[in-house]
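# Examination of the molecular architecture
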Amino acid sequence: MRDRNGGSTMPQVSLTVNGKSYTKDVEARTLLVELLREGLGLTGTHVGCDTSQCGACVVHVDGKSLKSCTMLAVQANGAKVTTIEGLAAPDGTLHPMQEMFREHHALQCGFCTPGMVMSAIDLVNLHPQGLTEEEIRHGLEGNLCRCTGYHNIVKAIAAAWPLMHGKVQQAA
Amino acid sequence: MGFEGIGAAVRRKEDRRFLSGRGNYTDDINRPGQLHAVIRRSDRPHARLLRVDTAAAAAAPGVVAVYTGADLDADNVGGVPCGWQIHNKDGSPMAEPKHPVLAVGRVRHVGDPVAVVIAETRQQAKNAAELLEIDYEDLPAAATVRDAIAPGAPALHDDAPGNLCYDWHIGDAAAVDQAFAQAKWRVKLDLLNNRLVPNAMEPRAAIGDFDPSSGDFTLYTTSQNPHVIRLLMGAFVLHIPEHKLRVVAPDVGGGFGSKIYHYAEEAIVTWAAGKLNKPIKWTADRSESFMSDAHGRDHDSTAEMAVAEDGKFLALRVRTLCNMGAYLSTFAPCVPTYLYATLLAGCYTTPAIYAEVKAVFTNTVPVDAYRGAGRPEATFLLERLMDVIAHDTGIDRVELRRKNFIPRDAFPYQTPVALQYDSGDYFTTLDVALKDAGWADFPARRAEAARKGKLRGIGISTYLEACGIAPSAVVGSLGARAGLYEVANVRVHPTGSVTVFTGAHSHGQGHETTFAQLVADQLGVPIANVDVVHGDTGKIPFGMGTYGSRSLAVGGSAMVKAMDKIVAKGKRIAAHLMEASVNDIEFKDGKFTVAGTDKSKALAEISLAAYVPHNYPIEELEPGLDETAFYDPKNFTYPGGCHVCEVEIDRETGSVEVVRFTAVDDIGRVINPMIVEGQVQGGLAQGIGQALMENAVYDGQGQLVTGSFMDYTMPRAHDIPLGLKVATENTMCTHNPLGSKGVGEVGAIGSPPAVINAVVDALRDYGVRHLDMPATPQKIWSIIQSNTPRMAAE
């Protein structure tokens, strides 16, 4: 990238986050999660590890869940990103997944929660025909939680499925 | 609004911000003008630290300062203090070598902090840290306790000969020896308790700040107990008087004990902030956490039980070697002594017990309390021993336990190892658990699994634990250097809403909701009108924080006492306003009533009168409605219960699946059953993790092999059984006003032996008497490969 005087500058990334457009200069090595947390001040997405295991950093990029610690910011150029901050409606109404997490006590310390909720939404979206408890447990392989023991997270996701697909869950 | 008081499954108030990404964790906080600190750590387990050349690092882009141990020494910075002094058998105090904030002259574990680089960005600090030139002279290392106490082992500290921290004991050796001499059976078991990394999902972080105009220091830190940090760091490390030091523990993403301790990084950022007049921010990487957060467990024990012909336990003898790591962490010495050996009666009437504990320094990360802290170690020992006794004597493993249970009418029950239990009913939790777990029908499930080529086993653990820590004078006499009371300041505002300032800290436990429920219950104030404030020494009187399942038993009791004072004062105000005698005033459901009449005043009317004292007994009573209570518990509390685990082993792979888990726990008074279930479920996951997959491994040279989530197996959602049942059968604590015993740790305490007992049961045709944790697929597969199964004689 060059500036108008011909000198070299950092790469620039343009993306939409939670419906708002941003254009930012970033170092090439900047991770998407660093851009979100430090560049855009969206600290809801968390960093819990350095080996891409824990899933605390999961966001949606162009509608699919993705570990933002494992993507460079420049790779998100032109993308539509949704973070945990962008889930609730403008009037504050919670997304059904957020509601069900609260209803079923699916969070304790809250640190894994943003990534867990984003992964859960994608999991439900990908299973319009139905989602068994077994499928939920395996679908959460990429998200670690140390507090809850996962039991209530699974319940919350199962409860969110009919709310998100607008129909009654067929018995698996 | 439905019922919100004690017993209601109220949904949590704090969830809103956590679910919306508006939590305020330490790494989320950014102070104007802040600089970033990166720590360079030793990459070798034991070496002389000869030279740290900071020149290249200091000249790197964006670098503001580089500091080493020499800089801290020059400024008279103290070592990281230990909060508990254990004495040896001969009465002499334990070895207490200095724990420097930054290494000087020697590094003693992989991860030992050597230097700190401070730069404008974190990336600049990281880059510069790699430019530090460090000369080490490697020394031989000892990573296990057995290696460290062997003759000729490398000495870690000049003032800890033989790498021994202490050689401690409890109980009656003579009585135990005598019982062994006469016993029909002497059952011996060697067992380990595997070393674990707590791995709260939020890595540790700290921000130090200094305001030169006021001379005030502020530390933001991922801590379970900010006042304790203020005291330890202020008094012993940085010599900052407490009134000039504020410690804030904001939202904290899990602790499990690992965030109790005062860590070097807290002192480093605070000290550096004072030097540079800038906020200094440090956040750990996960692999950095693996080599700097305190690890847990790591016991090597021999247990022997003397058993009478009829199966009654006559005496228990235990010898344990435990690992302190390279330096003493804040509570480390008390975990394998007063939180472990005093639990060796369990729920049994064993009349004579003698335990010896040797604590050893090794070239590993310091070891300290991790969920359960000593009680999982005691429970694993006892409950494995139960099944081994059953195996060796032929007595049924359930009947053996039942036969030795402390009877229902024996409370208060004085154990031979100092503790006196106030209440408990081990028979009921056992019976309910057996029923809920389908114990009686298990043989049919085992046979069905065998037809599919699987090995199915069932195991049980009947445990007791001691928590609600603790009576200050008792722990003081045992070497604690702090009190263990708790504080609550209950402030009723003029218009009737309430703020509770608590010394307890919530890092997942839901206190903002459950403590509000206590106020709803006792003062009749809806929880929407109650705010619970925790984690800031600038706002809250001195409290000891949250660990050891103490928040409700001790912190909640302090709240009850403070609210008692509120009600007492309110009655005097109400009596004045309603022109009645204070003895005729009753308080119920938020109203002060003149007995036998319909004259009443709401709490909000009373509080307004208190703050606008025009019609008020001003000669006898001060204005205001704001009371503080410090509560020092009279005893520990004693939750207990029964856990039943059912596993299925795949013979081809050795993998162990937990197919059912049933927990029936006695935790005293339940405030919020939803929170209680969540605590038990979370604890069970950690217990299953310890039993089947978690292990912090060092190689023979002291290198940390399991240094990230790639190698350290954390339990995931599919490791937790679909068939998970959690229930309570409660007996009340007799000595605190709530009757609560605490529930935070029971899940992690009772479960590991239930899992291993099930695995051993599944392998019963393979001649397995014992196996240590974790029961990994490789371990199980090897057992299956190398043992010929006996044909089942059924």
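What you are looking at is a predicted structure, and each value in this text was computed from that prediction instead of being measured.

Assigned secondary structure in chain A consists of five helices and five strands. Reading chain A from its N terminus to its C terminus gives the helix and strand order β-β-α-β-β-β-α-α-α-α. Taking 16 Å as the expected radius of gyration for a compact globule of 172 residues, we find that chain A reaches 17 Å, a close match to that expectation. Projected onto its principal axes, the C-alpha positions of chain A cover 65 × 30 × 25 Å. The long-range share in chain A, meaning contacts at least 24 apart out of those at least 6 apart in sequence, stands at 58%.

The partner chain A presents 45 residues to the 41 residues of chain B that form the contact. Elements supplying a minimum of two residues to the side of chain B that touches chain A: helix 1 (15-19), helix 9 (286-290) and helix 18 (673-692) of chain B. With six residues, helix 18 of chain B is the single largest residue contributor to the side of chain B that touches chain A. The residue makeup of the side of chain B that touches chain A, split by class, is 17 nonpolar, 14 polar and 10 charged.

Quick look at the sheet that holds strand 4 (residues 106-107) of chain B now. All names here are of chain B. Strand order in the open sheet formed by three strands is 4-2-6, with antiparallel pairing between adjacent strands. Either end of the sheet is taken by a strand with one partner, and the two such strands are strand 4 and strand 6 (133-138). Bridge analysis of strand 2 (residues 47-53) against strand 6 gives six bridges, and the strand direction is antiparallel. Across the sheet, arginine 48 pairs through a bridge with glutamate 137, a residue of strand 6.

Before going further, it helps to examine the nonpolar core. Residues B:Ala37, B:Val117, B:Leu344 and B:Val755 are the most contacted members of the largest nonpolar core, which totals 308 residues. Not counting the four nearest positions on each side in its chain, B:Val755 is found in contact with B:Gly459, B:Cys645, B:Val647, B:Val658, B:Ile688, B:Ala691 and B:Leu692.

It is worth spelling out the domain arrangement of chain B at this point. Residue and element names in this part refer to chain B. What the domain assignment lists for chain B is domain 1 (31-139 + 201-254 + 259-290), domain 2 (299-469 + 635-786) and domain 3 (485-631). For domain 2 and domain 3, the distance between their C-alpha centroids amounts to 40 Å. The interface is formed by 19 residues belonging to domain 2 together with 16 residues belonging to domain 3. Here the residues of the side of domain 2 that touches domain 3 are counted per class, giving 10 nonpolar, seven polar and two charged.

Its place among the elements puts B:Asp190 in strand 8 (residues 185-193). Here the alpha-carbon distance between B:Asp190 and B:Pro639, two residues 449 residues apart in the chain, equals 27 Å.

Turning to the pairing of strand 14 (residues 313-325) of chain B, a few remarks are in order. Residue and element names in this part refer to chain B. Taken across its 13 residues, strand 14 has 12 buried, putting it largely inside the fold. With nine bridges joining them, strand 13 (residues 299-307) and strand 14 adopt antiparallel strand pairing. What sits directly across from glutamate 304, in strand 14, is arginine 317. What sits between the antiparallel neighbours strand 13 and strand 14 is a turn of five residues, in which glycine 311 has the positive phi angle 95°. When strand 14 meets strand 15 (residues 352-361), the two strands line up parallel, connected through 10 bridges. By the bridge assignment for strand 15, cysteine 322 is matched with alanine 359.

Helical geometry: 3.6 residues make up each α-helical turn, so side chains three or four residues apart lie on a common side. All names here are of chain B. If you check which residues of helix 17 (residues 603-611) are buried, you get Leu603, Ile606, Ser607, Ala609 and Ala610. The arc enclosing the buried residues of helix 17, seen along the axis, measures out at 160°, which places them on a common side. Buried residues along helix 17 sit against strand 19 (486-492), helix 15 (511-523), helix 16 (551-577), strand 23 (591-594) and strand 24 (600-602).

A separate point is the packing of helix 10 (residues 375-393) of chain B against helix 19 (residues 746-762) of chain B. Residue and element names in this part refer to chain B. Relative to each other, helix 10 and helix 19 sit at 30°, their axes nearing to 8 Å. As far as their axial angle goes, helix 19 and helix 10 are roughly parallel. Seen from above, helix 10 lies across helix 19 with right-handed handedness. Across the interface between the two elements, Arg375, Pro376, Thr379, Phe380, Glu383, Arg384 and Asp387 from helix 10 touch Ala748, Ile749, Gly750, Pro752, Pro753, Ile756, Asn757 and Val760 from helix 19.

Right, let's get into the environment of A:His105. In this structure, A:His105 sits in the loop between helix 2 (96-103) and helix 3 (113-125). According to the C-beta neighbour criterion, A:His105 is buried, with 24 such atoms within 10 Å. Separated by 72 residues in sequence, A:His105 and A:Val33 place their C-alpha atoms 27 Å apart. Setting aside residues no more than four positions away along its own chain, A:His105 makes contact with A:Asn152, B:Met674 and B:Gly678.

Looking at chain B as a whole, the pLDDT averages 97, with 99% of positions reaching at least 70. Confidence metrics for the complex model read pTM 0.97 and ipTM 0.97.

The next point concerns the pairing of strand 22 (residues 585-588) of chain B. All names here are of chain B. Of the two faces of strand 22, only the one carrying Ile585 and Phe587 is buried; Glu586 and Lys588 on the other face are not. Bridge analysis of strand 22 against strand 23 gives four bridges, and the strand direction is antiparallel. Across the sheet, the residue bridging to lysine 588 is lysine 591, located in strand 23. Between strand 22 and strand 23, which follow one another and run antiparallel, lie two residues, and aspartate 589 among them has a positive phi close to 50°.

Okay, the sheet that holds strand 28 (residues 723-728) of chain B next. All names here are of chain B. With mixed pairing, four strands are arranged side by side in an open sheet as 18-26-27-28. Every interior strand has two partners, whereas the edge strands, strand 18 (454-464) and strand 28, have only one. Across the sheet, the mean angle separating the axes of adjacent strands is 10° when strand polarity is ignored. Of the pairings in the sheet, the one linking strand 26 (residues 640-650) to strand 27 (residues 656-666) comprises 10 bridges and is antiparallel in character. Its bridge partner lying in strand 27, glycine 641 is registered against aspartate 665.

All names here are of chain B. Residue proline 412 follows phenylalanine 411 across a cis peptide bond; omega there is -5°. Cis geometry is adopted by the peptide bond preceding proline 774, which originates at methionine 773 and carries an omega value of -5°. Looking at where proline 774 falls in the secondary structure, it is placed in the loop between helix 19 and helix 20 (777-786). Notably, asparagine 76 is not glycine yet its phi reads approximately 65°, a positive angle. Here asparagine 76 lies in the loop between helix 3 (69-74) and strand 4. Of note, the phi angle at phenylalanine 256 is positive, near 60°, even though the residue is not glycine.

Residue and element names in this part refer to chain A. Along its sequence, chain A is carved into domain 1 (12-86) and domain 2 (96-165). Distance from the C-alpha centre of domain 1 to the C-alpha centre of domain 2: 21 Å. Facing the 15 residues of domain 1 at the interface are 12 residues of domain 2. At the level of secondary structure, the elements contributing two or more residues to the side of domain 1 that touches domain 2 comprise strand 3 (58-61) and strand 4 (64-67). Considering only residue class, the side of domain 1 that touches domain 2 consists of six nonpolar, eight polar and one charged.

The next thing to look at is helix 8 (residues 264-276) of chain B. All names here are of chain B. A rise of 1.5 Å per residue sets the reference length of helix 8, with its 13 residues, at 18 Å; its end C-alpha atoms lie 18 Å apart and thus fit the reference within 8%. In terms of burial, helix 8 is largely enclosed, as 10 of its 13 residues are buried. Asparagine 277 sits one or two residues past helix 8 and shows a positive phi near 55°.

Before going further, it helps to spend a moment on the packing of helix 16 of chain B against helix 17 of chain B. Residues and elements named next belong to chain B. Two elements in contact, helix 16 and helix 17, have axes whose closest approach is 10 Å; the angle formed by their N-to-C orientations is 90°. With respect to helix 17, the element helix 16 is oriented roughly perpendicular. Listed contacts from helix 17 to Gly570, Ile573, Ala574 and Leu577 of helix 16 are Leu603, Ile606, Ala609 and Ala610. Across the contact of helix 16 with helix 17, the residue classes break down as seven nonpolar, one polar and no charged.

Conventions and cut-offs
Residues numbered from 1 in each chain as written. Chains lettered and ligands numbered in written order. Predicted model: local features only at pLDDT ≥ 70, side-chain atom pairs only at ≥ 80, totals over all residues. Helix = DSSP H or I, 4+ residues; strand = E, 2+ residues; numbered from the N terminus. Rg over C-alpha atoms; globule rule 2.2 N^0.38 Å. Contact = placed C-beta atoms within 7 Å. Nonpolar A, V, L, I, M, F, W, Y, C, P; charged D, E, K, R; others polar. Pairing = 2+ DSSP bridges. Core = buried A, V, L, I, M, F, W, Y, C linked by C-beta atoms within 7 Å. Buried ≥ 20, exposed ≤ 12 C-beta atoms within 10 Å, placed from the backbone. Domains from an automatic or database assignment. Arc of directions from axis to C-beta. Axes fitted to C-alpha atoms, helices over the stretch in contact; angles between N-to-C directions. Parallel < 35°, antiparallel > 145°, perpendicular 65-115°, else oblique. Left-handed = near helix turned anticlockwise from the far one by under 90°. pLDDT = per-residue confidence, 0-100. Expected span 1.5 Å × (residues − 1).

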